[in-house]
Amino acid sequence: MTEERQVDTLENVHSRKRASTRRDSLGKYKSVKTKKDTLISDSSTIQHRATSSETRPALTEEQRKASDQARAYIKEIQLTLKKTSQNSTSVTDLRTSETNNTRANPSSDMKTVSALSRIYVGSIYFELSQEHIRAVFSQFGYVKNISMSLNPITGKHKGFCFIEFETPEAAELALETMNGAELGGRQLKVGRPNNYSPTLVDGLPNKPATRIYVANISEFISEENLASLFEAFGALEKCILIPDLVSKKHKGYGFVEFQDEIVADNAVVAMNGFELGGLSLHVCKAIVGGPLGEGMEEIKKITKSVLATQVPEQVLHAAKNINNSIAGQMSNSMAAKIAAKIVTRGRQTMLDSVVHEEHVSISGSQRYAIMRKLARSDELSPVIMIKNAVTVSEVDDELKTEFSEECSKFGSVVKVLVQPEDEAPTSDVRIFVQFSDGAAAGQAKLGLNGRWFGGKQIQAVSYEFRTFQAGNYLL
């Protein structure tokens, strides 16, 4: 009995020690979670216990799991503290390096402007594409990028996209105008992305109170035209259109800076929505400051520098030798001869000489078709054809009146003709508009093509006047 009691007593002692060891380990794990100032000491304690397993009892499975969790938690806290320290240092450096409204890090400015220039567009009709979205939103400014993710199964977009403009002013105008607007039979939801903050603009150069932003400017409007329009409100400091160095035209938006703040405010109120060149202007106060560029003068400078660059004599000599060496090969190509003679001869003389020299047999119908195409480039038709506006089922008595009033903005309208392509209710309807002269028809084609009518993007093209007079409406 005495030996059994001694054994029992020894087992109880060992049991109490194991329980005490478990409580000790769990207590230290809890202290790691609650006391951040002892993270490093606790970590070293755990590591020491792991390395001294030969002198201490082995950890149980439960204790090992608790130890691993403690190590993971310590590493996570240390990384978080390290990142926070780095971020606070970089922000302090940026703040202290700002002088005269100019940030020391230009790339940071670009990121800020990019964030201010992005918007979110939701509730998009699934049949609309990026081209439709670009056509609608480009009226507020130049669209740099549209990010529209697609469903890999259906191949269609997911009903939303992100649009990045070139300027923050364009994004602000689009947000104010298009939120709740109907497109494709659905109301759009336009807002800011999650990473947007109104305080982002605080880090950019201060905006001048006398500067305004003007968008949706017709390609036919020049800087001089725009200046003459806005100087009626007061004296101007500067007026520029932003150039496109590739197309050598402006991008459809610009800035006007006045000498007086009140004059700028009056111009925004009066000119926002004003129709100019068949397009409604979008006007607002500037959001970002900084110096304005030279506008369209930049294109003139580039053109002058290119013209000033003379071609070396060796290049001209080499080009002459190349032309002589390939002259024999070119003589076998009738198309090459026709292209060369169009530049140097009259069109009728060119046609007759080619037939004579090359002994090519051209029928009367072919000759007539060629002459029609050549004549078409000399003479602008006074008739335009509008497609994709309505279907047969949507035609009513007011359709002609609506298009006559809209087209009269470009010139005198002689006639409006509605011609269905088919008798089916869903068939497209062609709308022909005849103007008093070809110049007005050309302006109408440019002003109407790509615009939206009843949720559809219409197409406006020139239509041959003789074909229209002959009653042929299905070419």
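Residues numbered from 1 in each chain as written. Predicted model: local features only at pLDDT ≥ 70, side-chain atom pairs only at ≥ 80, totals over all residues. Heavy atoms only, no water.

An unreviewed UniProt entry annotates the protein as RRM domain-containing protein of Basidiobolus meristosporus CBS 931.73. Here the protein is described in UniProt, under the heading Subcellular location (unreviewed entry), as follows: "Nucleus". (UniProt positions renumbered as here; feature names shortened; annotations may be inferred.)

S.K.: I tried to follow a negative patch on the surface on my own but got confused; where do I start?
M.R.: The grouping of Asp-396, Asp-397, Glu-398, Glu-402 and Glu-405 at the surface amounts to a negative patch. The residue Asp-397 is located in the loop between strand S13 (383-387) and helix H14 (399-407) in this model. (Patch = residues over 30% accessible without salt bridge, like charges linked within 9 Å, V, L, I, M, F, W, Y side chains within 5 Å. Areas by Shrake-Rupley, 256 points an atom, 1.4 Å probe, with all protein chains shown as cover. Salt bridge = Lys/Arg side-chain N within 4 Å of Asp/Glu carboxyl O. Lys, Arg positive; Asp, Glu negative; His and termini not counted. Charge placed at Lys NZ, Arg CZ, Asp CG, Glu CD. Helix = DSSP H or I, 4+ residues; strand = E, 2+ residues; numbered from the N terminus.)

S.K.: Hey, could you run me through the nonpolar core in this one?
M.R.: What tends to happen in soluble globular proteins is that the nonpolar side chains get buried as a cluster. Residues Ile-119, Val-121, Ile-133, Phe-137, Ile-163 and Phe-165 are the most contacted members of the largest nonpolar core, which totals 32 residues. Of all elements in the fold, only strand S1 (118-122), helix H5 (130-137), strand S2 (143-147), strand S3 (160-165), helix H6 (168-178), strand S7 (211-215), strand S8 (236-244) and strand S9 (249-258) reach the threshold of two or more residues within this core. Taken domain by domain, this core gets at least three of its residues from each of domain 1 (108-202) and domain 2 (205-306). Ile-217, Ala-267, Leu-281 and Val-283 belong to the second largest nonpolar core, which has 21 residues in total. (Core = buried A, V, L, I, M, F, W, Y, C linked by side-chain atoms within 4.5 Å. Buried < 20%, exposed > 50% of the residue type's maximum accessible area, 1.4 Å probe, protein only. Domains from an automatic or database assignment.)

S.K.: How do you make sense of unusual backbone geometry when you look at a structure like this?
M.R.: If a residue is not glycine, its phi is most likely negative; likewise, a peptide bond is most likely trans. For Lys-248, which is not a glycine, the phi torsion comes out positive at approximately 65°. When you line up the elements, Lys-248 lands in the loop between S8 and S9. Here Asn-388, not a glycine, exhibits a phi torsion of approximately 60°, which is positive. Structurally, Asn-388 can be placed in the loop between S13 and H14. Its relative accessible area of 30% is what places Asn-388 among the partly exposed residues.

S.K.: I keep staring at the packing of aromatic side chains and nothing clicks. Help me out?
M.R.: Each aromatic ring pair is summarised here by two numbers: the centre-to-centre distance and the angle between the ring planes. Enumeration according to the criterion identifies 13 aromatic pairs in this entry. Ring geometry for Phe-160 against Phe-162: centres 6.2 Å apart, planes inclined by 85°, an arrangement best described as edge-to-face. Overall, Phe-162 belongs to the partly exposed group, its relative accessible area being 23%. Among the aromatic side chains, those forming a connected cluster through ring pairs are Phe-432, Tyr-463, Phe-468 and Tyr-473. (Phe/Tyr/Trp six-rings, centres within 6.5 Å; stacked < 30°, edge-to-face > 60°.)

S.K.: How should the sheet that holds S13 be read in this particular structure?
M.R.: If you walk across this open sheet you meet the four strands as S14-S15-S13-S18, and the pairing is antiparallel. Looking at strand neighbours, the two that pair on one side only are strand S14 (413-420) and strand S18 (459-463), the edges of this open sheet. With strand direction ignored, the average angle separating the axes of adjacent strands in the sheet is 25°. Note that S13 and S18 share five bridges and pair antiparallel. Within S18, the residue paired with Ile-386 across the bridge is Ala-460. Along the sheet, H14 makes contact with S13, S14 and strand S15 (429-435), crossing S14 at roughly 140°. Its contacts with the sheet put helix H15 (residues 438-448) on S13, S15 and S18, and the angle it makes with S13 is roughly 20°. (Pairing = 2+ DSSP bridges. Axes fitted to C-alpha atoms, helices over the stretch in contact; angles between N-to-C directions. Contact = heavy atoms within 4.5 Å.)

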